[in-house]
Each structure stands twice: as structure tokens, then as C-alpha cells.
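Now for the letters of each chain:
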Amino acid sequence: MTPLLEVRDLTVRFSTEDGPVLAVDAASFDVGEGEVLALVGESGCGKSVTALALTGLLPRGAAVSGEIRFTPSGRDLRELTERELREVRGRDIAYVFQEPMTSLNPVLTIGRQIGEVLRRHQRMRGEAARRRAAELLSLVGIPLPERRLREYPHQLSGGMRQRVMIAMAVACRPRLLVADEPTTALDVTVQAGILDVLRDLRAQIGTAVLLITHDLGVVADIADRVVVMYAGRTIEEAPAPALFATPSHPYTRGLLDAVPNPARHAEGGLREIPGRVPVLREAPEACTFADRCGYADDLCRSSRPELAPGPAGHPVRCWHPLSAAGPVAALTGRGPR
Amino acid sequence: MTPALEVVDLVKHFGPVRAVDGVSLRVGSGEVVGLVGESGSGKSTLGRCVTRLVPVTSGEVRINGRDIARLSRRAVRPLRRDFTIVFQDPASSLNPRMTVAEIVAEPLRLHRIGTPSERRERVLDQLDQVGLRPEVARRYPHELSGGQRQRVSLARALVASPSLLVADEPTSALDVSVQASVLNLISRLQAELGFACLFITHDLAAVEFVAQRVAVMYLGKLVEVAEREQLFRAPLHPYTQALLSAAPIPDPVAQRNRQRIVLSGDIPSPVDPPSGCRFHTRCPVAVPRCSVEVPPLRQVAGSLVACHLADGSPQ
Amino acid sequence: MTTVAEPVTAPASLAGPRRRALRRLLRNPLAMTGLVVVLVAVLAALLADLVAPYPAARTDFSAALQPPSGRHWFGTDELGRDQFSRVLFGLRASVTVGLAAVGLSMAVGVPLGLLAGFYRVLDPFVSRLVDTMLAFPFLILAVGLAAIRGASLVTAVVAIGVAEIPLVVRVTRGETLRLREMDYVSAAVASGASDGVLLRRHILPNAVNALIVQATVTIPAAIIGEAVLSFLGLGVRPPTPSLGVMLASAQPLFRDGPWMVVFPGLAIVLLTLAFNLLGDGLRDALDPRESHR
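What counts and how
- Residues numbered from 1 in each chain as written.
- Chains lettered and ligands numbered in written order.
- Predicted model: local features only at pLDDT ≥ 70, side-chain atom pairs only at ≥ 80, totals over all residues.
- Axes fitted to C-alpha atoms, helices over the stretch in contact; angles between N-to-C directions.
- Helix = DSSP H or I, 4+ residues; strand = E, 2+ residues; numbered from the N terminus.
- Parallel < 35°, antiparallel > 145°, perpendicular 65-115°, else oblique.
- Left-handed = near helix turned anticlockwise from the far one by under 90°.
- Contact = placed C-beta atoms within 7 Å.
- Nonpolar A, V, L, I, M, F, W, Y, C, P; charged D, E, K, R; others polar.
- Buried ≥ 20, exposed ≤ 12 C-beta atoms within 10 Å, placed from the backbone.
- Core = buried A, V, L, I, M, F, W, Y, C linked by C-beta atoms within 7 Å.
- Pairing = 2+ DSSP bridges.
- pLDDT = per-residue confidence, 0-100.
- Expected span 1.5 Å × (residues − 1).

## Observations concerning the packing of helix 9 (residues 195–231) of chain C against helix 10 (residues 243–250) of chain C
All names here are of chain C.
Part 1 of the reasoning: Look at helix 9 against helix 10: their axes get within 7 Å of each other, and the N-to-C directions meet at 40°. Judged by the angle between their axes, helix 9 and helix 10 are oblique. Helix 9 and helix 10 meet at a crossing whose hand is right-handed. Of the residues in helix 10, those touching helix 9 at Glu226, Ala227, Val228, Leu229, Ser230 and Phe231 are Leu243, Gly244, Val245, Leu247 and Ala248.
Part 2 of the reasoning: Here the residues of the contact of helix 9 with helix 10 sort into eight nonpolar, two polar and one charged.

This is the structure:
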């Protein structure tokens, strides 16, 4: 079955005051119909930039290359004009961001804001729009939706606002919902509710979700598949259970070990990853994780690894991916490109 | 032995907002107590009250037996040597116009501890203890990463050897891998230096790693206080149970097999808390009594619980 | 790894906020123009004695009312005085009053602003005081001072300086209120810092940026103020050269020698514009609201 979204060799460069920055380095991944794909990484790994790049939401100074094939449009999104992209945004690909307070207009009622989306993309007005807006609010689990329509954002709690954002995002039944850290600013007990909403959406209207997050717990909760990013590159790709059970990339393993988890930390302290995420100017001819990796050798420092199946069966970008027993020696058949 | 910190019936209102509404808590000498809660719980306010960064509305705050709640700001100042605080945001915790050396030396200067050369020695020692190279002393905060800045904050807090450290969400603004190193550091320092620590956070996993006892707050009141193993294995209060079940675990198998308690509604505003037990509006097992009568914090098995229905058996 | 922007163990951003700001400023052509003009004016004012071709008071009736020429670049006035030299000396008065008035307003305004922002109790008192000051436009004050002490450079400085105090207080108070909430201020309190230490070591140094910008905006107002006052005879009095004085005496003679109005006027306009451009540039450089992440 054709994937809903196929991203190939997406590269994003920014020119900043301090010089050029390579934010995303030839990232490739697919999102299937109705699937929840998590894009995971720490700050600076390029995941948010990737999400914005999909529909051309990056600021003017960004140089984007690569292919973004979106099946419902039948074309590469990078070829669309701004006008055509505006049609896609909201209708086929919708976004939900981290801070609901700044995403909602404080001087308009909830009803008017949802109405705006409905009017823009579905030409709905008046009574029909109001009814549909109320339907959407119940879809995301907001009680007494009729009342809520007349309220303003400041009258709602953080969790409610995020639900409203999601309602607005799915107003047009988009094929893909891009959620960038949707629960990070919320309390834990509220977070669970939002994740439930996202899960239900998939069941009820078949929306696929591209979930951007740094929180492995959230990933474990709702992701079907996971792509791990580091310094602009995708470094591991696996179905969620496999990623947690048999992480193949040392960075992934390091991330999992860094989260306090009684099952893993019966003895001693948490595993730390020394050093920091680098800011790259150019794509180095090396593994970007080499200077922080405990298993790095000369090969790692001189050749750029490509994504290839690892010992657990899923793609990993590493010269010495980890098997359950420890790192595997350089895999045969893979040489420097 | 006198506890490092003893809070008795602490109340803090900001106008109509009842941020802390009658909290009593003890942190023994050399003990790490985790204080857990979500937004509106009042945990950060409690931390600020304990360190007298805000005046207290009523109640007692005893540091090593001495009540500082009633003292004037001037009288408290010399006592501040003994209790310190570390904040959440590495970006605003350090004065951008001061070098690391100046920042860490400040408590020593303010309390007139040592000669200038002795202070320099001490600062370098302290930086070493928090895992920073001596060259860092000459740098400015903007030259450091978030993790390094938190280490400097810790160095500043510990340089005058306090007996109590209040850590207010010290790792929440950091990346996962950096959180690990800071948590490890706090744990190690506490073991080596033996200070008492009130570790305030919303992150249950961090608390489980670093604390010996755990106190849970909801809307300005304590709902449960227990030894760590007890709290995580068999929590007695419905809120604690919900909190534990909601906390995401990075393990899909465990996650999906978990019994999930979903709370209805969102956290009420602290301006107008619900009557009776504040949790009753979201509690899955509330009975009519809960909306009328405020449950006292009482002994049940080895823990303290504020729930009418808690009787020592897990729900 | 030579292609990595900086090695992993090095600082996150090599250039600090100060250096970044300087870089931004240097890249701003308008601000740079302003800076150059300001520097030239200040230099001219300082070195007027050395640079001016003629002493300011030298009269030469044989060369009266001459248009600009090789010998007198800006022409001469009705007394045969060289206008170029007079403009240079006049700039000195303008720059002096500009800097002194701003200095006065800062010396009084900054402490008031700090106190108002730091001690909530004092805020209403300071605000009322400042409101009272606002009620006296500087002209009234200048007239009053001139009546009591006789008009002079000093009375001009005082009148303008006092008139600028409310603005300085407002900016300082705003910064103080903002900085008070910073965690590092709380940390200093927790370390045992007294109020004095907080204000001196933690709040004031971090408020300096806003004050610098404020100064570069206030100075042109002061310069114009000086010109107005001396034009009206309430400030510097002839024969001391001042751009305002020159304008005053040139006014009735406009028909006979427009250059006598044009050059001093142009000097005022350019100097003011230069300070404004510099001030704008400084503000942008020190506090950029960047739209991209």
C-alpha cells in the first residue's frame, strides 16, 4: 500500500548570524495511512524543523531540498505554489503545536475560531458551522460543547485548549495531523487525556499522526513506529515495541538508559551521554554521534554511515549497531559511500 | 535529632489564590524528600516559602529547629547560609553579567566566609565537585550549556555548605540525556556531603530515583506522604494512584498492560478550590462525604494519607 | 571533525550577547552613518579650538555678510564672523548641553526608577513626583530659572535635564520590575544579599542596555532643547556661540544672507538625525525581535 507521506533526502539549511547551519541532513521516512509515527530526539536534532518543512512553513532564510511526496495531492509538496500549499494546510495536513495559549486568538470565542477553519476550507457558515463545531468539540472529549463555543480561550484550562486546537486541526478531516510536542506543556494527568484523543482520532476518522516529541514515555504510549533523529539525521527506525526492546543505535540505547526507570536501574546511577548535541555547518564525512559514543572507532570518524538493517532487523545508521550482546563489528557489505 | 526542615501548618495566600493551605512536613537531617504535584499544587510556592523568598501568611518554618517564618528579612539574612535553593530555568538562574567564579563566590562573600584567596580555592573545589573544569570559572553564563549552568547553580547553592537544599524542578528544562547527568550529580553530592534535600518536581521518575520519602500535593494540600517504595508500589490516595498511572513509562509493553485511571475534568483553579476534599471533583471513587468534609492527613499503615476511604488496602 | 561548527565540548554560542549586538550594529548602514556623524560632531566640538580657522568672536567688518567662499566655507554673518568656526563652537555648546542634561536626568532618574521599581511602597510616591515634574514643560522651567539666576548654559542644562527625568524614571522602573522576577535575583536573595547588593550588582548592570538606548534618544531632544532655549534667549547668551543663538540673530537677516540660517539649522538637524539613527540602531541591535527561531 502506498504510504500517505514519503519524505526522501529532506535537507534544510539556515543562514544565521553566526554562519550557515545544517538543521536537517537528508532525512527520509514514510508515514502510512492512519499510522502514528513518532519523530523522536532531543533539542537541536531537527525534528521540529522537519515538521515545518513539510508544508513550507519555514522562514524565508531556509534552504530546503529533497522530495516530499504526499499521496492525496499526488505531487511533491515542494513543487506547490504558496497558494496551493495553503489549500493543503488545514485541509489535508493539519498542525497542532505545543503552546495552546499562544496558538489561540485571545479575543475571539472558541466558536468563531473553529468557524473560521470551517469557513475557509469547507465553506460552512451559520447554523451548519455551529453544529459541526460542537460535534468537533465532543469528538475531542470536551463536555458541554455548546457552552464552550461561546467561551474565550482564557476561560479554558491548558488541557481544554489543547483539545480545542486538536478539534480545529481535524475540522476538515485531514489525512495527516502533525503534532509538535502537543503534551509537553501539560500536566501529566491531563496529558493522558490528550493522548487518548489522538488515539481515538485515528480510530474515528482515520487520520495519520506525525508526532514530534522528546518524551519517550509518550512514544511508548501511542506510537506505532518510531524514527529517532540526531543532529539532523535519522539514525534509527523501528516499530515501537522493537525500538524499546532492542534499540540498535548507541544513542537510542543511551536515551533509554537516561530516563529513570526502576526496571532498568536496579543498581547504580542513570546512564549519561557525555558531551552535547552538535550544531553542524556541513554534513560531515563521519558519524555525527562519534565523539559522544563509547564504541566509536576510526571507521566511525571517517565515514558517514547509511541507514541499513541492523541486528534487530530494523534500519539503523551506525557502523557498529548494538545487538543484545553488545556492539556488532562493522557489518559486511557496507562501505563508505 | 533536629530535622533539617520542619514545616508546621504553612499557609500562603496570594490574595484570593490559596496556593498553600495548611501543609506540615518534615525533612530529616541528610534526608531527601521528594515533593510531587502538578500545576496549581502549590509545590513551588512551598519551596519559596521555605526559603523565605516570599513572606509566609501563617505557620512555622523551622530550619534546624529555628523558626524563620516570623523573622524580619534582615534577621533572616545571616541564617541563609544554612539553606539554599536551585531553580528550574538555567537561562535565568545566573546573572549574565557575572563570571562563573563571581557567581559561585557570591554566597561566600555575602556571608564573609574566608579570605579572598581562600574563597577562590573553595570555588574551584566546588566547581570540581559538580563536575566542571577549572577553566569554566572564567566563563560567562551564555558560554555554557543548560546542563553546565545547572551545575553552576548547584555549585553556588552548595559552596557555603548548607544543611538544606531546596531543588525546584532542577531538571525539567533540560534534555533527557542532560537530566540524567544532573540527577546523578545531585544524588552523588547528597550522598557525599550529607545535606537534606527537598526535591520539588512533577516528574515521578526523577523522584523515584533520588528521594527516600515522597510527599504528594494537590491544590495546596498534602494528600499522601510515604516512603518511596511504599508510594510507588502501593499508593493509598486516589490522586497518587492516578498520577502514577498517568506518568508515561518508556516501555510500551508495561504501558499497555498498565491499569489506567483517567481523571475526569481538569485541575480546578486554586482561587476557588472544591469544598470538602479538593480532589473529589475528579476522584473516581468519591462518595458524598468527600464533597462535604475535609479529610485530615492521618496515619494509615506506615504512610500519611488524606482520604476518607483510605484504610491501608490498595483500591 | 572540521566540518562540525564547533567541537562538542566548546561553548554553545561563541559570541556573547554584547558581541552579537555589536556585530548587528556594525551591519546596519543607517546606524553606522549616525555613529560616524555623531563621532565627527563630538570630535569637532572637542577640538574646535584647534580646528576652527578663525576664533569665534573675531569680527571683520570688511568681510561682513559674505556668502560661502574659499576663505569662509559657511560664509560670514553681519559682524564678519566666520560661520564655519561659529558652527563648530556652537556644536560644542550643543553637545555639552546634550550630554550634561542627559547626565543630570540619569543621575536623578535612575535611582528614582530603581527605588520605584524595587520597593512597591515607594512606587506611588515616585510616580506622583514624576507626574508633578511632567506638569512643568521645560520651557516654563527655563523661564523660571532664567528669571531667578539669569539665562546661561547651566540653566539650560538644568531645565532640560529635569524635564527628561520622568522618561528616565519610567524606563528604569520598567527594567527594575522586569529584572526583579529573574531567578538570579531570587538566588542572590537566597544567598543573603541585601537590597543594596541586589540593586547594585544584579539589577542595575542588567538595566544598562535599556538605559543606553534611552540616552541616545534623549540626547537629540536635549540638543534641540538647547537650540530652542538659546534661540529664545533663555539659555546660552551671545556672544557665546550656540546654534540657537546663531539662528536667532540670523532670522531677521534671512534675505540678506540665507547661509546664516541654513548652516546652523542644518547642523542641528543632522546632529539630531544622527543620534536618532544611532539610537534606533542600538535598540535593534540590543533587543532584536527576531521572527525566525
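## Notes on the interface of chain C and chain B
Part 1 of the reasoning: Listed per partner, the contact involves 20 residues of chain C and 27 residues of chain B.
Part 2 of the reasoning: The set of elements that each furnish at least two residues to the side of chain C that touches chain B consists of helix 8 (183–190) and helix 9 of chain C.
Part 3 of the reasoning: In terms of residue count, the dominant contributor to the side of chain C that touches chain B is helix 8 of chain C (seven residues).
Part 4 of the reasoning: Each residue belonging to the side of chain C that touches chain B can be placed in one class, and the counts come to eleven nonpolar, eight polar and one charged.

## Re helix 1 (residues 43–50) of chain B
All names here are of chain B.
Part 1 of the reasoning: Counting buried positions along helix 1 yields eight of eight residues, so the element is predominantly enclosed.
Part 2 of the reasoning: For helix 1, the full list of buried residues reads Lys43, Ser44, Thr45, Leu46, Gly47, Arg48, Cys49 and Val50.
Part 3 of the reasoning: Directly after helix 1, the chain includes Arg52, whose backbone phi takes a positive value near 55°.

## Examining unusual backbone geometry
Residue and element names in this part refer to chain B.
Part 1 of the reasoning: The phi torsion at Glu169 lies on the positive side, around 50°, for a residue other than glycine.
Part 2 of the reasoning: Assignment of secondary structure puts Glu169 in the loop between strand 7 (164–168) and helix 6 (176–193).
Part 3 of the reasoning: One non-glycine residue, Ala301, lies in positive phi territory at about 55°.
Part 4 of the reasoning: Summarising the element assignment, Ala301 is placed in the loop between strand 11 (298–300) and strand 12 (303–305).
Part 5 of the reasoning: According to the C-beta neighbour criterion, Ala301 is partly exposed, with 14 such atoms within 10 Å.

## Regarding the nonpolar core
Part 1 of the reasoning: Among the nonpolar cores identified, the biggest contains 283 residues, and Ala167, Leu210, Leu211 and Val226 of chain A together with Leu198, Phe199 and Leu222 of chain B are the most heavily contacted of them.
Part 2 of the reasoning: For Leu211 of chain A, the contacting residues outside a window of four places in its chain are Val36, Leu37, Ala38, Leu39, Ala179 and Ala223 of chain A.

## Some details on the interface of chain A and chain B
Part 1 of the reasoning: Every contact between the two is made by 38 residues of chain A and, on the other side, 32 residues of chain B.
Part 2 of the reasoning: Secondary-structure elements contributing two or more residues to the side of chain A that touches chain B are helix 7 (158–169), helix 8 (188–205), helix 9 (216–222), helix 10 (240–245) and helix 11 (250–258) of chain A.
Part 3 of the reasoning: Looking at the side of chain A that touches chain B element by element, the count peaks at six residues for helix 8 of chain A.
Part 4 of the reasoning: Here the residues of the side of chain A that touches chain B sort into 19 nonpolar, twelve polar and seven charged.

## Some points on the sheet that holds strand 1 (residues 5–14) of chain B
Part 1 of the reasoning: Judged by pairing direction, the sheet is antiparallel, and its four strands sit side by side in the order 2-1-4-5 (chain B) without closing on themselves. This sheet does not close on itself; its edge strands, each paired only once, are strand 2 (17–27) and strand 5 (66–67) of chain B.

## Focus on the confidence of the model for chain C
Part 1 of the reasoning: Of the residues in chain C, 92% reach a pLDDT of 70 or more, and the chain-wide mean stands at 83.
Part 2 of the reasoning: The low-confidence segment residues 1–14 of chain C, where pLDDT is below 50, has 24 contacts with residues more than four positions distant or belonging to other chains.

## Digging into the pairing of strand 10 (residues 221–227) of chain B
Remark: a regular strand shows side chains that alternate across the two faces of the sheet.
Residue and element names in this part refer to chain B.
Part 1 of the reasoning: Here strand 10 lies mainly inside the structure; six of its seven residues are buried.
Part 2 of the reasoning: For strand 9 (residues 213–218) and strand 10, the ladder comprises six bridges, and the chain directions are antiparallel. Bridge pairing in strand 10 places Tyr218 opposite Lys221.
Part 3 of the reasoning: The pairing of strand 10 with strand 12 spans two bridges and is antiparallel.

## What about helix 8 of chain A?
Residue and element names in this part refer to chain A.
Part 1 of the reasoning: With 18 residues, helix 8 should reach 26 Å at 1.5 Å per residue; the first-to-last C-alpha distance of 26 Å fits that figure.
Part 2 of the reasoning: Within the sequence span of helix 8, burial applies to Val188, Thr189, Val190, Gln191, Ala192, Gly193, Ile194, Leu195, Leu198 and Leu201.
Part 3 of the reasoning: A positive phi of about 70° marks Gly206, the residue just after helix 8.

## Concerning the environment of Gln179 of chain B
Part 1 of the reasoning: On the secondary structure map, Gln179 of chain B appears in helix 6.
Part 2 of the reasoning: Under the C-beta neighbour-count criterion, Gln179 of chain B is labelled buried, with 25 such atoms within 10 Å.
Part 3 of the reasoning: Leaving out residues up to four positions away in the same chain, Gln179 of chain B has contacts with Ala258 of chain A together with Thr171 and Leu174 of chain B.

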